[in-house]
Amino acid sequence: MSILNEPFFKKVEDYFNVHTYKADRVDKVELRPWIDMFRMPPDLEREALDFTKACVKCGDTMHPFRMRKGKNGRFTKSMYYAATCSQDDNKTCSKGPLAHKEYKAITTYFKKEKGKRRPPTKQLMLF
Ligand SMILES: [Zn+2]
């Protein structure tokens, strides 16, 4: 199932930062756009990292919201969305038409939503 159909999507949709690459114009199946997430409030960030769904390819339960690893192998503060198992778990999942279809669906969704969207407002620190 696409993340677009998950109830949790509504909670995090404003944080999706979908990039469009020039290569999008070339219809290559290997194309795997990265979908970054804007910085979330800590509670929501934790919820996103705990959130699980089925891999669009193999159906295994996995964590679609992950922290990017830096060059030193440590996790950074930048989160991204992945439609499939991580490369470490199952190398073949991220390749192929099903993963591509999911990224395409998300890209299309946000293209349509464009104009209605605004970047998430920074939360005021009250305490
Ligand atoms: Zn998988």
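If you're wondering where the values come from, they're calculated on a predicted model, not measured in any experiment.

Asker: Pulling in residues and values, what's your account of the sheet that holds strand S1 (residues 16-18)?
Answerer: Taken together, four strands build an open sheet; the order of strands is S1-S2-S6-S5 and the sheet is antiparallel. A single partner strand is all that each edge strand has here, and the edge strands are S1 and strand S5 (65-69). Going from strand to strand, the sheet's axes swing by 45 degrees on average, the running direction of each strand aside. Taken together, the four bridges between S5 and strand S6 (residues 75-81) define a ladder with antiparallel strand orientation. Opposite Lys69, over in S6, you have Phe75 as the bridge partner. Docked against the sheet, helix H3 (residues 97-113) engages S1 and strand S2 (35-37), running at close to 100 degrees with respect to S1.

Asker: Give a detailed account of H3, specifying residues and quantitative values.
Answerer: Since the α-helix advances by 3.6 residues per turn, residues separated by three or four positions end up pointing in the same direction. Between the first and last C-alpha of H3 there are 24 Å, a value that for 17 residues agrees with the 24 Å anticipated at 1.5 Å per step. For H3, the set of buried residues is Ala99, His100, Glu102, Tyr103 and Ile106. Relative to the axis of H3, the buried residues are bounded by an arc of 165 degrees and lie together on one face. Away from its buried face, by an angle of more than 90 degrees, H3 presents the exposed residues Pro97, Thr108, Lys111 and Lys112.

Parameters and conventions
Residues numbered from 1 in each chain as written. Predicted model: local features only at pLDDT ≥ 70, side-chain atom pairs only at ≥ 80, totals over all residues. Pairing = 2+ DSSP bridges. Helix = DSSP H or I, 4+ residues; strand = E, 2+ residues; numbered from the N terminus. Axes fitted to C-alpha atoms, helices over the stretch in contact; angles between N-to-C directions. Contact = placed C-beta atoms within 7 Å. Expected span 1.5 Å × (residues − 1). Buried ≥ 20, exposed ≤ 12 C-beta atoms within 10 Å, placed from the backbone. Arc of directions from axis to C-beta.

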